[in-house]
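Now for the letters of each chain:
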Amino acid sequence: MPENIGGAARAMWNFGLERMRLVAPREGWPNPKAVAMASGAGRLLDHARHFETTAEAVADLTHLYATTARPRGMTKRVISPEEAAAEMRERIAAGERVGVLFGRERTGLETADIVRANTIVTVPVNPDFPSLNLAQCVLLLGYEWRKQGGEPTRAVAPDTPAASHEKVEGMLSHLVEELDSVHFFFPEAKREAMLANLRSLFHRAPLTDQDVRTLRGVIRALASKPRRPRPGAAQEAPPEPETEA
């Protein structure tokens with residue numbers, strides 16, 4: 001909702017956070033309702049970037065935090081907002097590009113979004129009433145960020161920088177293409193769940209650019225081997241050996 005976007009912008013500006021990315025706002029963008037709710041934080045909305053998909057919005061990031069309850073069926077590291085803020089400062093100081101993903105207030109984040117995250121951030125709220133307003137959640141993360149000093153001190157980037165989500169997704173597309181060629185996703189009914197587990201696995205690992213290049217090399221090497229037939233497909237019998245009279 002535009003009101004929630006405006007409230008989130010106001011919460012961000014309270015603690016000096018300026019870079020907002022929006023994924024498919026429900027009522028289009030720009031929206032005057034969001035500007036009205038943002039009050040004095042309208043300048044933040046003026047520079048907000050708009051994307052159609054989560055994948056596009058996080059493509060250049062090297063580490064993505066998702067604010068949600070512990071996801072079922074996934075193995076993800078779960079930390080508190082305080083731990084996340086401290087860790088984000090360290091990552092940014094090391095030259096990484098970090099983002100925090102917030103879901104829609106009514107339904108939260110979808111599984112397809114959560115699997116792209118490297119780390120889950122969960123607030124220790126009342127288990128009998130765990131739902132948080134979107135702006136409240138943004139406010140909590142912003143407060144923890146500001147409490148630890150705001151902008152981090154810049155440091156020299158490492159020789160092996162962290163891989164962006166775009167590069168990891170490119171490697172995953174390469175892997176899935178080769179897995180499809182050997183009919184790995186069988187039966188078809190389990191394909192989406194298997195893809196989600198693969199994506200979650202690689203986004204959970206702190207991959208560097210070199211890691212991604214190495215994995216692509218491994219995929220290419222394995223892909224050069226002979227293909228095996230699709231499960232259940234009829235196989236031709238080997239030809240009879242020729243005999244001399």
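Right above here is the structure, for reference.
Parameters at a glance
Residues numbered from 1 in each chain as written. Predicted model: local features only at pLDDT ≥ 70, side-chain atom pairs only at ≥ 80, totals over all residues. Heavy atoms only, no water. Helix = DSSP H or I, 4+ residues; strand = E, 2+ residues; numbered from the N terminus. Buried < 20%, exposed > 50% of the residue type's maximum accessible area, 1.4 Å probe, protein only. Contact = heavy atoms within 4.5 Å. Expected span 1.5 Å × (residues − 1).

## Looking at the environment of Leu44
Then, in step 1: You can see Leu44 is positioned in helix H3 (residues 42-46).
Then, in step 2: Taking relative accessible area as the criterion, Leu44 reaches 3% and is therefore assigned buried.
Then, in step 3: Sequence separation between Leu44 and Leu17 is 27 residues, and the spatial gap between their C-alpha atoms is 8.8 Å.
Then, in step 4: Excluding its chain neighbours within four sequence positions, the residues that come into contact with Leu44 are Ala9, Met12, Trp13, Leu17, Glu18 and Met20.

## Let's talk about helix H8 (residues 165-181)
Then, in step 1: If you check H8, its first and last C-alpha atoms are 24 Å apart, about what 17 residues at 1.5 Å a residue would give, namely 24 Å.
Then, in step 2: Burial in H8 covers these residues: His165, Val168, Glu169, Met171, Leu172, His174, Leu175, Val176, Glu178 and Leu179.

## Brief notes about unusual backbone geometry
Then, in step 1: Going from Trp29 to Pro30, the amide bond is cis rather than trans, its omega being 0 degrees.
Then, in step 2: Note the cis peptide between Phe186 and Pro187, where omega equals 0 degrees.
Then, in step 3: Looking at the secondary structure, you find Pro187 in the loop between H8 and helix H9 (191-204).
Then, in step 4: Backbone geometry at Ala24 places phi at a positive 45 degrees, although glycine is not the residue there.
Then, in step 5: Relative to the helices and strands, Ala24 resides in the loop between strand E1 (21-23) and helix H2 (32-38).

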